[in-house]
Amino acid sequence: MSELPLLAQKLDASDELAPLRDRFVLDPASGDAAGAAGVYLDGNSLGALPANVPDRVADVIRRQWGELRIRSWEESGWWTAPERIGDRIAPLVGAAPGQVVVGDSTSVNVFKALVAAIRMADAGRDELLVDATTFPTDGYIAESAARLTGRTLRPVTPAEVPAALGDRTAAVLLNHVDYRTGRLHDLPGLTAAIHAAGALAVWDLCHSAGALPVGLDEHGVDLAVGCSYKYLNGGPGSPAYLYVRHELQDRFDSPLPGWNSHAEPFGMSPAYTPAEGAVRGRVGTPDILSLLALDAALDVWDGVSLTAVRAKSLALTDFFLRCVAEYTEPGRVECVTPERHAERGSQIALRCADAGEVMKRLIARGVVGDFRHPDVLRFGFTPLYVGFRDVERAARVLGEELG
């Protein structure tokens, strides 16, 4: 009989982050006598619901909107919510206050960041590098930004970036963690190489923020974007965020100069004058309901150490790989996520020929991951609410379904 179930119990018993599970709405944990176990390993697509969010959103709807109505723009702090909530996200990406603003989608913020980066670059720099392995939307936006600004778009892999840099490079758009494989790219080293070439670094943090330390200020990142519905648990379609480094804010020239980013938004001037600071990243009226749901969701991070989160993430993914190796036949699946911790995000991607059908069977048995075309099983490990018994059960069910 395998020793893994007992080991999982011991690891859960010593896990300092285990009590955080109670901050979320989830199925009973694996091994919980309360009912059938459910294992949610898709938080890298949509984070679980924080338990405090429904009551907070109900208050926003019934009292702030229902009773105070338009007074809530001032009395409930709606007007300043994008930068206030940005300051709550800032520590999770290693940024000081005043550099993060929340609103719009990741795609829209990628467009703002890329065009602004090109506008800040020296006039002779006519080439834009983009991660060739990136999430498709980033590539689409980069292609559009290049056409709009008259630049040449050059797709390269992150490993090829240092050799591709030159005096023509205006900006480089990279993903911190590859969404398919879970590979963690070298943000400090690549940012330094980009700066040495005189270009600007733009990072997409969708698959890293809330799962591991990022260090935007520490590593001198110029611009960054990210979503809030994965490891930040903000809810489906919750607004994204934009980071603009302090030293660049007076030069940040947004391609979408909406009235919300005007220095005097209620002056209704026909001429645009940008506001000071990261507020320049705002565009139009913010989506208050989803914005304040995100605000409530961020409460789960109170008192949480990102160092502890990263340590548990690596422990969970290590344990999962150990369990998969024991519970599956050799050669049945292939791990495409790097083994080295320095190159691993908070997910494990396994390649198998019938991945789509396998994932359907796993979900039917309560083990929820996702499938990426054509042959990848993807499992996300959210340290705030995933435990070691969850991991052991997921691998055991996977082994059973693989025969």
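Residues numbered from 1 in each chain as written. Predicted model: local features only at pLDDT ≥ 70, side-chain atom pairs only at ≥ 80, totals over all residues. Heavy atoms only, no water.

Novice: Could you clarify how one ought to interpret the UniProt feature "modified residue: N6-(pyridoxal phosphate)lysine" (unreviewed entry) in the protein chain in this entry?
Specialist: What UniProt calls "modified residue: N6-(pyridoxal phosphate)lysine" (unreviewed entry) maps, in this numbering, to Lys230. Within the secondary structure, lysine 230 is located in the loop between β9 (223–226) and β10 (241–244). For lysine 230, a relative accessible area of 10% gives the class buried. The contacts of lysine 230, once residues within four sequence positions are left out, are Gly43, Asn44, Ser45, Gly47, Cys206 and His207. (UniProt positions renumbered as here; feature names shortened; annotations may be inferred. Helix = DSSP H or I, 4+ residues; strand = E, 2+ residues; numbered from the N terminus. Buried < 20%, exposed > 50% of the residue type's maximum accessible area, 1.4 Å probe, protein only. Contact = heavy atoms within 4.5 Å.)

Novice: Is there a simple way to explain the domain arrangement of the protein chain in this structure?
Specialist: One widely used convention gives an interface's size as the accessible area the parts lose upon coming together. If you check the domain split of the protein chain, you get domain 1 (4–37 + 304–402) and domain 2 (55–301). Relative placement of domain 1 and domain 2: their C-alpha centres are 30 Å apart. The partner domain 2 presents 20 residues to the 24 residues of domain 1 that form the contact. Regarding the contact of domain 1 and domain 2, the summed buried area is about 1,800 Å², with carbon and sulfur atoms giving 59% of it. Put simply, domain 1 and domain 2 have 1 salt bridge between them. Across the pair arginine 183 and glutamate 343 runs a salt bridge, and its minimum N-O distance is 3.3 Å. Examining the composition of the side of domain 1 that touches domain 2, we find that 4 residues originate from one element, helix α10 (residues 306–327), more than from any other. Within the side of domain 1 that touches domain 2, the residues separate by chemical class into 12 nonpolar, 6 polar and 6 charged. (Domains from an automatic or database assignment. Buried area = accessible area lost by both parts, 1.4 Å probe. Salt bridge = Lys/Arg side-chain N within 4 Å of Asp/Glu carboxyl O. Nonpolar A, V, L, I, M, F, W, Y, C, P; charged D, E, K, R; others polar.)

Novice: How should I be thinking about helix α11 (residues 355–364) in this particular structure?
Specialist: An α-helix turns once every 3.6 residues. As a result, residues three or four positions apart point the same way. What α11 keeps buried is the set Ala355, Gly356, Val358, Met359 and Leu362. Relative to the axis of α11, the buried residues are bounded by an arc of 160 degrees and lie together on one face. Turned more than 90 degrees from where α11 packs its buried face, Lys360 and Ala364 sit exposed. In this structure, the buried residues of α11 make contact with β13 (367–368), β14 (370–372), β15 (376–380) and α12 (388–401). (Arc of directions from axis to C-beta.)

Novice: How should the sheet that holds strand β6 (residues 152–156) be read in this particular structure?
Specialist: Note: strands within a sheet are paired through backbone hydrogen bonds, in either parallel or antiparallel orientation. Here 7 strands make up an open sheet; going across it, the order is β4-β10-β9-β8-β7-β5-β6 and the pairing mixed. Whereas interior strands pair on both sides, the edge strands pair on one side only; in this sheet they are β4 (100–102) and β6. Within this sheet the neighbouring strands show an average axis-to-axis angle of 15 degrees, counted without direction. Where strand β7 (residues 169–175) and strand β8 (residues 200–204) come together, 5 bridges link them in parallel fashion. Bridge assignment links valine 172 to a residue of β8, and that residue is alanine 201. Contacts between helix α4 (residues 81–89) and the sheet are confined to β4 and β10, with β4 contributing the most and set at about 125 degrees to the helix. (Pairing = 2+ DSSP bridges. Axes fitted to C-alpha atoms, helices over the stretch in contact; angles between N-to-C directions.)

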